[in-house]
Amino acid sequence: MTTQDDKPKNFIRQIIDRDIAENQIQGKVITRFPPEPNGYLHIGHAKSICLNFGIAQDYDGLCSLRFDDTNPVKEDVEYIESIKQDVRWLGYDWGERLYHASDYFDQLYQYALELIDKGLAYVDSQSADEIRENRGTLTRPGENSPYRDRTISENKELFERMKNKEFAEGEHVLRAKIDMGSANINMRDPVLYRIVHADHPMTADRWCIYPLYDFTHGQSDAIEGVTHSLCSLEFEDHRPLYDWFIENLSVPSQPKQYEFSRLNLEYTVMSKRKLTQLVSAGLVASWDDPRMPTISGLRRRGYTPESIRDFCERIGVTRSSNTIEMSLLENAIRQYLEHKAPRALAVLKPLKLIIENYPEQQTEEFEVPNHPNDPSFGTRKIPFSREIYIERDDFMEDPPRKFFRLGPGREVRLKYAYYVTCNNVVKDANGEIIELHCSYDPESRGGGTADRRKVKGTLHWLSAKHALDAEVRIYDRLFTVANPDADKDKSFIEFINSESLIIEHNAKVESSLATPAQEVRYQFERLGYFYPDYEDHNPDKPVYNKVVGLRDTWDKKH
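The notes below deal with the structure included here. (Residues numbered from 1 in each chain as written. Predicted model: local features only at pLDDT ≥ 70, side-chain atom pairs only at ≥ 80, totals over all residues. Heavy atoms only, no water.)

**Concerning the overall build of the chain**
Summing up its helical and strand segments, the chain has 13 helices and 27 strands in all. Computed over C-alpha atoms, the radius of gyration of the chain comes to 31 Å, more than 25% over the 24 Å expected from 2.2 N^0.38 for 558 residues, which places it beyond the range of a compact globule. Expressed along its principal axes, the backbone C-alpha trace of the chain runs to roughly 100 × 55 × 40 Å. Split by element, the accessible area of the chain, about 25,500 Å² in all, is 45% carbon and sulfur. (Helix = DSSP H or I, 4+ residues; strand = E, 2+ residues; numbered from the N terminus. Rg over C-alpha atoms; globule rule 2.2 N^0.38 Å. Areas by Shrake-Rupley, 256 points an atom, 1.4 Å probe, with all protein chains shown as cover.)

And the structure:
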């Protein structure tokens, strides 16, 4: 086995290198990604996926995908399938190592009996409120349960009766017998099993007692031969309990837990509860709404697996809690698409421009590059005619001094085509501009003139009779503040950005964008990067989502 000298040595890789050098690992490095199937994965999970599967790849090891399905009330097959899709989309494969914690329910039950036989577990008949009260606080030690000294035989009998569906929910629980005076609250006789009368997605109605996560994940690691169990920092205080179980049970291996800082990202929330609230309250359309930080939302918006992996590589793996700027995520996809995205023309807010001295029935074509810096992308032909569309924002009737686009009497360049000068402005009865009447210089074809005169503005455009109607969805940050949870006196919902989605229903695009190639993102020239919304897109009315702008304008705008 060799170490990976070409990889940045974050502290986890240093630990693995040390373990390899000291022959602490018998066989392969084995990691696991253990999501709970009660929701969709988000960008924070992507960090863990890239870490666990990435380490397995780099060290020629193995990584399991294990569903922590210990709570049948909240779990759903829909979530299981979405998680598998997300992991695959990010470029990782668990091979034959697809597991569920429920695969080990029989063995976990035997481990619980082992603890009872050793006098290290007991059935507690206190109510949930009594257990909570007697657990103590950070400054007050816990109190022993009046049922803590039940005999081994009594505990085994009650635990079996719990399994046999003889009791109601909350009537009994199984607890570890450790130390109610421990400074670590997690060691104060934690609950191992509770009664839940609910069918399970994998085991149906076979069980009515279910193990809690703390009792499940360490033993599952041991059963699977995991060598390095990587968790986020909130599980650091749980590590003594993880180790206590491993030391006191006859498990087949001795995994070690290591913690790293979780991903916190600006202008969003990562709490699964709060994400669920956004969906259930209709504040976003769905779990894969492109404004959501979910992997499915990022995928629908147009992010690529490569950009997500690059982002996770850039932010690194440390034990220091911090919040990552949203611009770093946006820059990852922007830099990727700069080199990968073919160019196209689109007009989001069309304003008709009529070239009065251009022949009415004439149409000509301009051959333009699909990528200005990469000839391998080839070229395409775009039509030009007497009536074209330009962006409404590219015209001002009374432009300020530093406005270099079109205005009355001004001359600009139509990209790839001609110079045009605005001669007349046509308005409707409400005073809204509906047309511009212009003239063109036939000698300026291709964007230059014999007299080499300069124009300061270059506009994109589309031939009116060749352009295709489209819907373009402009997405922005979901919240108006970097940390929606910072103000404890306000709900995070109060900071929802009302302009996080603006839909341009009457946009125009090149006709070739009716049937885009699969998984192609485009740069709409001067506008940003866009991706077909495959759920709603159809050739008669294409739908495109804005992935990211050409540059970061959030701070300037806000």
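**Concerning the environment of D103**
As for its position among the elements, D103 is in the loop between β3 (98-100) and α4 (105-117). Residues D103 and K427, 324 residues apart in the sequence, show an inter-C-alpha distance of 71 Å.

**Some thoughts on empty space enclosed by the protein**
In this structure the tally under the stated criterion is one cavity of 30 Å³ or more. Taken as a whole, the largest cavity spans an internal volume of roughly 180 Å³. What lines the largest cavity is a set of 17 residues, and nearest its centre among them are R291, M292, L298, R301 and M326. Going through the elements one at a time, α10 (295-301) and α12 (326-340) are the ones with two or more residues in the lining of the largest cavity. (1 Å grid on protein atoms, 1.4 Å probe; cavity = no way out; pocket = protein on both sides within 12 Å on 5 of 7 lines; lining within 4 Å. Points joined across faces, edges and corners; volume = space filled by probe spheres on them.)

**Remarks on helix α2 (residues 43-58)**
Taking 1.5 Å as the rise per residue, α2 with 16 residues should run 22 Å; its terminal C-alpha atoms sit 22 Å apart, in good agreement. The element α2 is extensively covered by neighbouring structure, given that 15 of its 16 residues are classed as buried. Count one or two residues on from α2 and you reach D60, which has phi positive near 55°. (Expected span 1.5 Å × (residues − 1). Buried < 20%, exposed > 50% of the residue type's maximum accessible area, 1.4 Å probe, protein only.)

**A short note on the nonpolar core**
One finds I43, I49, V87, I308, F311 and L329 to be the most contacted residues of the largest nonpolar core, which totals 41 residues. Elements supplying a minimum of two residues to this core: α2, β2 (62-67), α3 (77-89), α10, α11 (305-315), α12, β26 (528-532) and β27 (543-548). Filtering out sequence-adjacent residues up to four positions away, V87 remains in contact with F33, I49, F53, L65, Y92 and W94. (Core = buried A, V, L, I, M, F, W, Y, C linked by side-chain atoms within 4.5 Å. Contact = heavy atoms within 4.5 Å.)

**Side note on the layout of surface pockets**
The volume enclosed by the second largest pocket comes to roughly 900 Å³. Around the second largest pocket sit 31 residues that line it, and H45, S232, E234, F235 and K272 are the ones nearest its centre. Listed by contribution, the elements that provide at least two residues to the lining of the second largest pocket are β1 (30-33), α2, β8 (228-232) and α9 (272-280). Considering every element that reaches the lining of the second largest pocket, the biggest residue donor is α2, with five residues. Counted by class, the lining of the second largest pocket contains 12 nonpolar, 10 polar and nine charged residues. (Nonpolar A, V, L, I, M, F, W, Y, C, P; charged D, E, K, R; others polar.)

**Side note on the packing of α4 against helix α6 (residues 152-163)**
The N-to-C vectors of α4 and α6 enclose an angle of 160°; their axes lie 9 Å apart at closest approach. Classified by the angle between their axes, α4 and α6 sit roughly antiparallel to one another. Crossing of α4 against α6: the hand is right-handed. Only I152, N155, K156, F159, E160 and K163 of α6 make contact with α4, whose side of the interface consists of Y109, A112, L113, I116 and D117. Here the contact of α4 with α6 is built from residues that sort into six nonpolar, one polar and four charged. (Axes fitted to C-alpha atoms, helices over the stretch in contact; angles between N-to-C directions. Parallel < 35°, antiparallel > 145°, perpendicular 65-115°, else oblique. Left-handed = near helix turned anticlockwise from the far one by under 90°.)

**Here we look at the sheet that holds strand β23 (residues 468-475)**
With respect to topology, seven strands assemble into an open sheet ordered β12-β25-β26-β27-β23-β24-β13, the strand pairing being mixed. Both outer strands of the open sheet, β12 (343-344) and β13 (346-347), are each paired with one neighbouring strand and no more. One ladder, built from two bridges, connects β12 with strand β25 (residues 522-524); its direction is parallel. From the neighbouring strand, R343 faces β25, where its bridge partner is Q523. The sheet contacts of α12 involve β12, β25, β26 and β27, and relative to β27 the element is tilted by about 115°. (Pairing = 2+ DSSP bridges.)

**Structural notes on the sheet that holds strand β20 (residues 433-441)**
An order of β21-β18-β19-β20-β14-β17-β22 is seen for the seven strands of this open sheet, with the pairing classed as mixed. Among the strands making up the open sheet, the edge pair consists of β21 (458-459) and β22 (462-463).

**Quick word on the environment of K352**
Note that K352 resides in strand β14 (residues 350-355). Sequence separation between K352 and G528 is 176 residues, and the spatial gap between their C-alpha atoms is 22 Å. What K352 contacts, discounting residues up to four positions off in sequence, is E387, I388, Y389, I434, E435 and L436. A polar contact of 3.2 Å, which involves the side chain of K352, links it to the side chain of E387. (Polar contact = N/O pair within 3.5 Å; in protein donor to acceptor, adjacent residues only side chain to side chain.)

**Notes on the environment of Y358**
If you trace the backbone, Y358 turns up in the loop between β14 and β15 (363-369). The sequence separation of Y358 and I496 amounts to 138 residues, and the corresponding C-alpha distance is 49 Å. Those residues in contact with Y358, other than ones at most four positions away along the chain, are T363, E364, F384, S385, R386, Y418 and Y440.

**Overview of the pairing of strand β18 (residues 411-414)**
With burial as the criterion, only one face of β18 is covered, namely that bearing V412 and L414; the residues E411 and R413 on the opposite face remain uncovered. Relative to strand β19 (residues 419-427), β18 is paired through three bridges, and the arrangement is antiparallel. Its bridge partner being in β19, R413 is matched across the sheet by Y419. Bridge count between β18 and β21: two bridges; the pairing is parallel. In the sheet register, R413 faces β21, and the bridge partner there is T458.

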